[in-house]
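# Residue-level structural notes
Chain residues, written in single-letter form:
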Amino acid sequence: GSATASFQLEHQQYHPKPGWVEHDPVEIWERTVRVIQETLKHVGYRRGSLKAIGVTNQRETTVVWDPVTGKPYMNAIVWQDTRTAPMIEALRSTHGKDHFRNRTGLPLATYFSGPKIRWILDNVPGVRDAACKGRALFGTIDSWIVWNLTGGPHGGVHLTDVTNASRTMLMNLETLSWDGRMIETFEIPEPMLPVIRPSVSAEPYGYTCKDGPFAERIPVCGILGDQQAALFGHGCFSAGSSKNTYGTGCFLLMNTGQKLVQSNYGLVSTVAYQKSGEEPVYALEGSIAVAGALVQWLRDNIGLIERSSEIENLASSAEDNGGVYFVPAFSGLYAPHWRTDARGVIAGLTAFAGAPHLARAVLESTAFQVKEIVDAMEKDFGSKIDTLKVDGGMVANELLMQFQADILNVPVIRPKVSEITVLGAAYAAGLSVGFWKSEDELVGQWAEDKRWTPVMGNAERNERVGFWNKAVERSLGWV
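Residues numbered from 1 in each chain as written. Predicted model: local features only at pLDDT ≥ 70, side-chain atom pairs only at ≥ 80, totals over all residues. Heavy atoms only, no water.

### Considering helix α6 (residues 141–149)
Condition: For every residue, the accessible area obtained with a 1.4 Å probe (protein chains only) is divided by the maximum for its type, and the residue is called buried under 20%, exposed over 50%, and partly exposed between those limits. Secondary structure elements are taken from DSSP: a helix is a run of H or I of four residues or more, a strand is a run of E of two residues or more, and numbering for both begins at the N terminus.
For α6, a buried count of nine out of nine residues is recorded, marking the element as mostly surrounded by other parts of the structure. When α6 is considered as a whole, its buried residues turn out to be Ile-141, Asp-142, Ser-143, Trp-144, Ile-145, Val-146, Trp-147, Asn-148 and Leu-149. Where α6 terminates, the next one or two residues include Gly-151, which has phi positive at roughly 130 degrees.

Pasting the structure below:
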């Protein structure tokens, strides 16, 4: 349950227009290959010693490619992308934002894959015709990676798991199959959709091809979307257990067991995971579009810091935020607001405010957004969250973690294994082939690294949350 070796690479983010976010699927695959090769080199890999491979991925990001040539028809449209806003607004005006929630667990929003597929079909010449002829496949990044791992144009398997399928707006949450009404709504040819499989598969999805990065046949048999993988990696297998991941965005998931809870407070209902031959386990999720991405923005767009890690020292040089609040609604606000008309706002500026206060406001914005999600989740589930397990790149920031504990008024706990998402994917693969025998065995491997306990008083907490709410109000209705 601990890392033997690891390697990682960044890939390019493209912003061709305001609100548009793209990735190059070919670059993602090429860097995946290199990451695999470097990790195997670091561990001194011996043929035959790998038992299974699990995959975890950025979820709603949408790829459409030609299965004959293996080439994407365009860059991947990333989950944060808002180009489908006019389509979503038209559907909302006709149906209301929650019209399809009973089928999909999701509000009508630019976040999910279905509208992105429709945009590609309508705007990239020749793709709709190609899809009707079997020459266009859709997949989230897991499907794209697994298809390439298992042979690509030479016999690659085209599939996804229930967690990723539940983020498309095309899967029925109760039947775990593609929903004809949703496919019709978005006018998507069904043959381009992948087969839906359990997250933990008793039968391998497929085998790596011998001329691929592993150079041998290894079963691929575990897939979990990144946030579900983190829930799995934390061992959150019982109803009511929860975790929060601080990455590019921020994602809080609570296991609701085999009960599908429909949110009344702006969260989404999703599949947490499914094991072969068993009923699915569901979750409530609160999704925040901009968390770590705001630190990157401060670094790359504003130049206030040279490295992301510098923000903690800069923010710590101020006693507080100096009255400054930053609502990072760069692509609207996700849960619990679901407002595509919101845009970023920095509020409370005075002549006193300086770089340290802005840095602190950047960090605090993530904690305030998480507070909104926790409040909604407690109302939906009917019980309090007594501790919060955390993971992701931002949990190394102790100033942020202490402020998170303060603003939530609950302890925040970081595990010893920081790359919890990849651990969850490994757990899914290991359970599939019997490397681990049970969920209890995995829970026993979870170990605490550090705990932050709240020290802020109620009056200060209420005042700060009040100012945050005022700042959010000012971000709404901008476009």
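Once you've had a look at it, read on.
### Description of the pairing of strand β19 (residues 412–415)
Heads up, the condition is: Only when DSSP finds a minimum of two bridges between them are two strands counted as paired. Here is how to tell: hold the view so the strands point away, follow the path from the first strand over the helix to the second, and if it runs clockwise the crossover is right-handed.
With burial as the criterion, each face of β19 is covered, one bearing Val-412 and Arg-414 and the other bearing Ile-413 and Pro-415. Summarising the sheet, strand β18 (residues 388–391) and β19 pair through two bridges and their orientation is parallel. Opposite Leu-388, over in β19, you have Val-412 as the bridge partner. Handedness of the crossover joining β18 and β19 through helix α13 (residues 398–408): right-handed. Both β19 and strand β20 (residues 448–452) contribute to a ladder of four bridges, which runs antiparallel. What sits directly across from Pro-415, in β20, is Glu-448.

### Notes on the pattern of salt bridges
For clarity, the cut-off: Basic side-chain nitrogens of Lys or Arg form a salt bridge, by our definition, when they fall within 4 Å of a carboxyl oxygen of Asp or Glu.
Counted according to the given criterion, the structure contains 29 salt bridges. Asp-66 is the salt-bridge partner of Arg-135, the closest N and O atoms lying 2.6 Å from each other. Taken together, the residues Arg-135 in the loop between α5 (127–132) and β5 (137–139) and Asp-66 in the loop between β3 (63–65) and β4 (76–77) connect sequence positions 69 residues apart. On the accessibility criterion, Arg-135 (34% relative accessible area) is partly exposed. The exposure class of Asp-66 is buried, given its relative accessible area of 7%.

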